[in-house]
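So you can see what is in the structure, the chains are spelled out below.
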Amino acid sequence: MKNGLVITTTTWYDDAQCVRARCAVKTVQNAREHSIPIVVVEGGSPKEFREEIQDCGAILFDEVEHARGVMCPGRRQAIAKGFDLTKNVSCYVEPEKYCMPAFVEDLFQPVLNGKADMCIPRRRSHSSYPTAQQLAEPLGNLHFKQTTGLDLDMWFGPRFFNATAGKYFLEYSDEYGGSWDPTHIPVLRCAAAGLRIVSQ
């Protein structure tokens, strides 16, 4: 295990050949190329997809039962499995972000060197996004900064954290929703608790 790091994610696809599934396979392959274990909590994709990512090195777990359309239980499960492997750090990365493994070591650095409890990657450009996202997400980040005083790329999904910050992700119980809320509410609670959060 490279420097005690791990990637965790969740998958569930109807079609093993759909674009998103193929991106997820690339993520697993890229994690292997960078010698970083990747935990995948799998929600019921076709057998061929499950076998393919295992052949590429994924550490596969079946997702706990929950209502369809709710992402939080699987994410909690993945994050917890990450801590089972490393004890000190874990993360969550959307499975289709296949470029992310190349940056994982750098993104964990503020956490590993004690300068932060959590790191949220910062995008350099929104140019590849649909127009609505290009306009909405920077505006959302600006509103978040004005509200909290924190200059973070909140609308980018990956999160890297130590065990202190991680417990806020593990303890979030869907009380405000279980889809996108699990990426935002724990960050707000970490900030309220005085934990150090950075974007880079």
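Data block above holds the structure.
This one's a predicted model, so the numbers in the text were calculated from it and none came from an experiment.

Quick word on the state of the cysteines
In a disulfide, the sulfur atoms of two cysteines are held together by a covalent bond. For the structure shown, the criterion picks out 0 disulfides. Considering cysteine sulfurs only, cysteine 23 is the nearest to cysteine 18, which forms no disulfide, with 8.7 Å between them. On the accessibility criterion, cysteine 23 (16% relative accessible area) is buried.

With respect to the pairing of strand E4 (residues 89–92)
Burial of the side chains of E4 extends over both faces: Val89 and Cys91 are buried on one face and Ser90 and Tyr92 on the other. Of the strand pairs in this sheet, E4 and strand E6 (residues 159–162) are connected by 4 bridges, and their pairing is antiparallel. For serine 90, the partnering residue across the bridge sits in E6 and is phenylalanine 161.

Focus on the pairing of strand E2 (residues 38–42)
Burial of E2 is extensive: 5 of the 5 residues sit out of reach of the surface. Of the pairings in the sheet, the one linking strand E1 (residues 7–11) to E2 comprises 5 bridges and is parallel in character. Paired with threonine 11 across the strands is glutamate 42, a residue of E2. Handedness of the β-α-β unit built from E1, helix H1 (residues 19–33) and E2 comes out right-handed. Where E2 lies against strand E3 (residues 59–62), 4 bridges are found, and the strand directions are parallel. If you follow valine 40 over to E3, its bridge partner there is leucine 60.

Thresholds applied
Residues numbered from 1 in each chain as written. Predicted model: local features only at pLDDT ≥ 70, side-chain atom pairs only at ≥ 80, totals over all residues. Heavy atoms only, no water. Disulfide = S-S within 2.5 Å. Buried < 20%, exposed > 50% of the residue type's maximum accessible area, 1.4 Å probe, protein only. Helix = DSSP H or I, 4+ residues; strand = E, 2+ residues; numbered from the N terminus. Pairing = 2+ DSSP bridges. Right-handed = clockwise from strand over helix to strand, strands pointing away.

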